[in-house]
Amino acid sequence: MVVASGGPAQGAGLSGSETNWLLVGLGLATGMEFYTFDSVNLVLPDLTGTLAASADEATWILTVYSSALFLGGRVSIWLAGHVGYKRFLIATILLFAIASLGCAASPDLATMLVARAIQGLAAAGLVVWWRASIYLLLPKPQRSPSLMRVSTMLYLSSAAGLLASGYITDRDNWRLIFLPDLAYAAAATWLLLRHFPTVVVQPTERVAATDGPGIALIAIALVSLQIILSRGQIDDWFGSAHIRVLAWTSASAFIAFVLWQSSTRNPSPLLRLDLLRDRNVMSSALLGVFTGMILSGSLFVLPEFLRNAAGHTLSATQTGQVIAVYAMTAAAVRPLMVGVIARLGQRKTICLALVMLIFSMVLFSHFLTTGTPTSYFYLPLILYALCLSALLPAVGSGTVARIAQQELLDGVSLYMTFRQFGASLGVAVLTILIERRATLHSSRLYDHLTAANSLMASWLSTAASVLSSRGGYSAVEGQHAALKMLAQAGARQALTLAYADAFLFMAAIGACALCLVPIMAPSPAASGK
């Protein structure tokens, strides 16, 4: 079937069966990205050991991916206009699958980062185009239920990633977690080749031309920022000359990019920044930044804590089973959110979702100790799932979906670009925050131990005596072992407090996002479409 782009009801020619299979194909294509994203977050400690990377270097695996996804978001709209929407979508599916094989075969960190960057560029097409395809191909009454069905599939893919990848890693090898991507890719490609209509892209100057300067400027700004975020903690931030040079380079390139996109001399801007004059697009962009930070940050912090800092560290399988609670809850309640949004309206739904998010992050921070039972995390995970299942569709239906049909692709692109910018910042900012707060808490903790010298001396004496009598240590070895135990307990406690601070930081991000809701135009609480 061939349809022309730009019409108000592209999907009028699709039968019910074709629409159903189209949505399954889109869900499998983007579900591959959701599966991989959660899987890599979960097994990051295992990747670190195999690739001989430090903890700081391991986070590059996440931030490089997010930065590439950010860069690829807008490029995907432009490139799809050149090669055709269907061809582009199939190509990104295949590229993601090939990059997954590259990740599985990576012998070192450098190769892994290259494969993850390619994966991120391909993922940008998948993340943008599942939503854009629904807006482009289906008439307005079908969009909300279609978005709901695909979203439910994506949450199920996240749950599959958390449950399967942990089990695979513990039983065999983390490299095998990327192999299910091939099954996802094969099924999605087969379905979309059969059921995605061939869209005739109307020739426009923006599609025909290439914003080469815009692509170059945003790439320079992002690469420089990525190096700053990756190396700053190691190189003493602005105390390092090359960090200062990179900061000036990134800032200058970003300012030049904004000016060039807004210039009348640019006939084919990569990003339609003029759309930000619309309060709905502006609100979606700003909310997207904070939403991206929350999504990437929360799914990074909790598995890192459970696997590295908890008093009884969990295996990958156990950690996946705990965190999968959020994904399964979100999948279960997502179908109900169409009615909730219709009844409350978008703004009230977003406010309610952000309140649940803040409460969830505060509960995480409150419950976080070195000995917290894992069952304590179920309630905040459920609240987090309720937040996501309501927040994301409410932002979409209350902002981007309201703009004119001919500007929908640019609106979706802006929203996803800002959201991925937030995601790329989330992990980097939280990594820095955790490192700084751990150092601060460690200093305070050991100051307290010094002040309570008599208690510490009594504990060390008792511990050394027990180690000597039961562990076969000499008196001197027992004292050394007791000091080592005290140092390890102190370091674990300081790191736990730092992770608790990270959750409070995300609660503050949610509060900031709550203040942005009034920017969104009010909506009647009767539609929800």
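Fair warning: this is a prediction, and the values are worked out from it, not measured in the lab.

Along its length, the protein carries 18 helices and two strands. Here the protein holds 529 residues, and the buried ones make up 56% of them. Counting every atom, the protein has about 21300 Å² of accessible surface; 66% of that belongs to carbon and sulfur.

Glancing now at a nonpolar patch on the surface. Side chains of L101, L176, L179 and L182 sit close together on the surface and give an oily, nonpolar patch of about 290 Å² of accessible area. Examined against the element boundaries, L182 turns out to sit in helix α7 (residues 180-195). For L182, a relative accessible area of 35% corresponds to the partly exposed category.

Glancing now at the packing of helix α6 (residues 140-171) against helix α12 (residues 316-333). It is the contact of α6 with α12, at a shortest axis distance of 8 Å, that shows an interaxial angle of 170 degrees. One finds that α6 runs roughly antiparallel with respect to α12. Residues T152, Y155, L156, S158, A159, L162, L163, G166, Y167, T169 and D170 of α6 touch α12, and the partners they reach there are A316, T317, G320, Q321, I323, A324, Y326, A327, M328, A330 and A331. Tallied by class, residues from the contact of α6 with α12 come to 14 nonpolar, seven polar and one charged.

Another point: the packing of aromatic side chains. On inspection of all chains with the given rule, the structure shows 10 aromatic pairs. Taking 4.7 Å as the distance between ring centres and 35 degrees as the angle between the ring planes, the aromatic pair formed by Y85 and W129 counts as tilted. With a gap of 44 residues between them, Y85 in helix α4 (residues 85-105) and W129 in helix α5 (residues 109-137) connect regions that are remote in the sequence. Note on Y85: relative accessible area 6%, which makes it buried. Overall, W129 belongs to the buried group, its relative accessible area being 1%. Among the aromatic residues, ring-to-ring pairing joins F305, F364, F377, Y499 and F503 into one connected group. The ring of Y65 carries R116 above its face, with NZ or CZ at 4.1 Å from the centroid.

This paragraph deals with empty space enclosed by the protein. Summed over the entire model, instances satisfying the criterion amount to five cavities of 30 Å³ or more. Here the largest cavity defines a volume of roughly 680 Å³. Taken together, 40 residues line the largest cavity, and the ones lying closest to its centre are F34, R131, L295, L392 and R419. When residues of the lining of the largest cavity are traced back to their parent elements, those giving at least two are α1 (16-42), α3 (55-83), α5, α6, α11 (279-308), α13 (337-344), α15 (378-398) and α16 (408-451).

Another aspect to go through is the confidence of the model for the protein. Residues of the protein with pLDDT of at least 70 account for 85%, and the chain-wide mean is 82. α7 holds the highest mean pLDDT among the elements of the protein, 96, whereas strand β1 (residues 2-4) holds the lowest, 49. Here residues 6-12 scores under 50 on pLDDT; set against residues more than four positions off or in separate chains, the count is 17 contacts. Low pLDDT, under 50, characterises residues 525-529; the predicted model gives this stretch 13 contacts beyond four residues in sequence or across chains.

Further remarks concern the pattern of salt bridges. Side chains carrying opposite charge are able to pair once their charged atoms draw close together. All told, the structure shown has two salt bridges when counted by the stated rule. Linking D46 and R307 is a salt bridge whose minimum nitrogen-to-oxygen distance equals 2.5 Å. Of this pair, D46 sits in helix α2 (residues 44-50) while R307 is found in helix α11, placing the two residues 261 residues apart along the sequence. Taken as a pair, D46 and R307 share a single burial class, namely buried. Among the ionic pairs, D501 bridges to R437, the shortest N-O distance being 2.8 Å.

A few words now on the layout of surface pockets. Empty space within the second largest pocket amounts to approximately 310 Å³. Lining the second largest pocket are 16 residues; nearest its centre among them are A55, D56, E304, I434 and Y499. Contributing elements (two or more residues each) for the lining of the second largest pocket: α2, α3, α11, α16 and α18 (475-516). Partitioned by chemical class, the residues of the lining of the second largest pocket number nine nonpolar, four polar and three charged.

What follows concerns α11. Taking 1.5 Å of rise per residue, the 30 residues of α11 would be expected to cover 44 Å, and the 43 Å separating its terminal C-alpha atoms lies within 8% of that figure. In terms of burial, α11 is largely enclosed, as 26 of its 30 residues are buried.

Its location among the elements puts P213 in helix α9 (residues 212-231). Under the relative-accessibility criterion, P213 is labelled partly exposed at 43%. Sequence separation between P213 and Q261 is 48 residues; the distance between their C-alpha atoms is 9.5 Å.

Turning our eyes to something else, we now look at the nonpolar core. Counting 146 residues, the largest nonpolar core has W129 and Y326 as its most contacted members. Once residues within four sequence positions are removed from consideration, W129 is found in contact with L26, S76, I77, A80, Y85, F88, L89, L136 and L409.

Where α5 contacts α6, the two axes come as close as 10 Å, and the packing angle between them is 160 degrees. Here α5 lies roughly antiparallel to α6, going by the angle between them. Of the two possible hands of crossing, α5 and α6 adopt the one that is right-handed. Contact residues: α5 offers W130, R131, I134 and Y135, while α6 offers R143, S146, L147, V150, S151 and L154. The residue makeup of the contact of α5 with α6, split by class, is six nonpolar, two polar and two charged.

Calculation criteria
Residues numbered from 1 in each chain as written. Predicted model: local features only at pLDDT ≥ 70, side-chain atom pairs only at ≥ 80, totals over all residues. Heavy atoms only, no water. Helix = DSSP H or I, 4+ residues; strand = E, 2+ residues; numbered from the N terminus. Buried < 20%, exposed > 50% of the residue type's maximum accessible area, 1.4 Å probe, protein only. Areas by Shrake-Rupley, 256 points an atom, 1.4 Å probe, with all protein chains shown as cover. Patch = residues over 30% accessible without salt bridge, like charges linked within 9 Å, V, L, I, M, F, W, Y side chains within 5 Å. Salt bridge = Lys/Arg side-chain N within 4 Å of Asp/Glu carboxyl O. Axes fitted to C-alpha atoms, helices over the stretch in contact; angles between N-to-C directions. Parallel < 35°, antiparallel > 145°, perpendicular 65-115°, else oblique. Contact = heavy atoms within 4.5 Å. Nonpolar A, V, L, I, M, F, W, Y, C, P; charged D, E, K, R; others polar. Phe/Tyr/Trp six-rings, centres within 6.5 Å; stacked < 30°, edge-to-face > 60°. Lys NZ or Arg CZ within 6 Å of the ring centre and 35° of its normal. 1 Å grid on protein atoms, 1.4 Å probe; cavity = no way out; pocket = protein on both sides within 12 Å on 5 of 7 lines; lining within 4 Å. Points joined across faces, edges and corners; volume = space filled by probe spheres on them. pLDDT = per-residue confidence, 0-100. Expected span 1.5 Å × (residues − 1). Core = buried A, V, L, I, M, F, W, Y, C linked by side-chain atoms within 4.5 Å. Left-handed = near helix turned anticlockwise from the far one by under 90°.

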